[in-house]
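One-letter residues, chain by chain:
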Amino acid sequence: MNGVAVLLMAGLAGSAAAAQERVFDGTVIEVCAKADIGGPACDPAALAESLGLLSAGQVRPFAELGMESFAMLTALRYAASALFFLSEGEGCFAEEERTAAIDIWSIWVRLPGDAPGALAEEFAVYDGIMDKVVGLEMAC
């Protein structure tokens, strides 16, 4: 094998390994919905990564209730971005992302009163995260 092929294969193996390391972890979101972001139980970077890895399929059940699941996903991803920028010391960017998350959530995301218990509980987790994002201190 020539040197270019070896480098290409090594790069592909590295990319696959990196992609495998980034796995959605709903436990982080559940814990952080009840704990203080930045406290001992809730690492903001881990929360940002978990929120950033949310997929459309994970919020699709809310669309079946008539909710704006795309808005829900978008708001949670903006929250992830705010947490990331906050951890990087970029308070002004974090505030912009947080404001977008809050605006989208408050305008477009509502759980119907007749939502089944399991979905209502799952929604409460995401809503808990958004409540915490609202209360974050952002120094710009």
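Quick note: structure is the one above.
Residues numbered from 1 in each chain as written. Predicted model: local features only at pLDDT ≥ 70, side-chain atom pairs only at ≥ 80, totals over all residues. Heavy atoms only, no water.

As for the overall build of the protein chain
Secondary structure assignment for the protein chain yields seven helices and zero strands. For the protein chain, the succession of helices and strands along the chain, N to C, is α-α-α-α-α-α-α. Each of the 140 residues in the protein chain was classed as buried or not, and the buried ones make up 33%. Sequence separation of at least 24 residues holds for 67% of the intrachain contacts in the protein chain that already meet a minimum separation of 6. A total accessible area of about 8,100 Å² is found for the protein chain, and carbon and sulfur atoms account for 58% of it. (Helix = DSSP H or I, 4+ residues; strand = E, 2+ residues; numbered from the N terminus. Buried < 20%, exposed > 50% of the residue type's maximum accessible area, 1.4 Å probe, protein only. Contact = heavy atoms within 4.5 Å. Areas by Shrake-Rupley, 256 points an atom, 1.4 Å probe, with all protein chains shown as cover.)

Here we look at the state of the cysteines
Per the stated rule, a full pass over the model turns up one disulfide. Here C32 is linked by a disulfide to C42, with a sulfur-sulfur distance of 2.0 Å. Judged by the sign of its S-S torsion, about 110°, the bond between C32 and C42 is right-handed. In this pair, C32 is assigned in helix α2 (residues 26-34) and C42 in the loop between α2 and α3 (44-52), connecting sequence segments 10 residues apart. C32 gets classed as buried once you look at its relative accessible area, which sits at 1%. Residue C42 is classed as buried on the basis of its relative accessible area of 0%. (Disulfide = S-S within 2.5 Å.)

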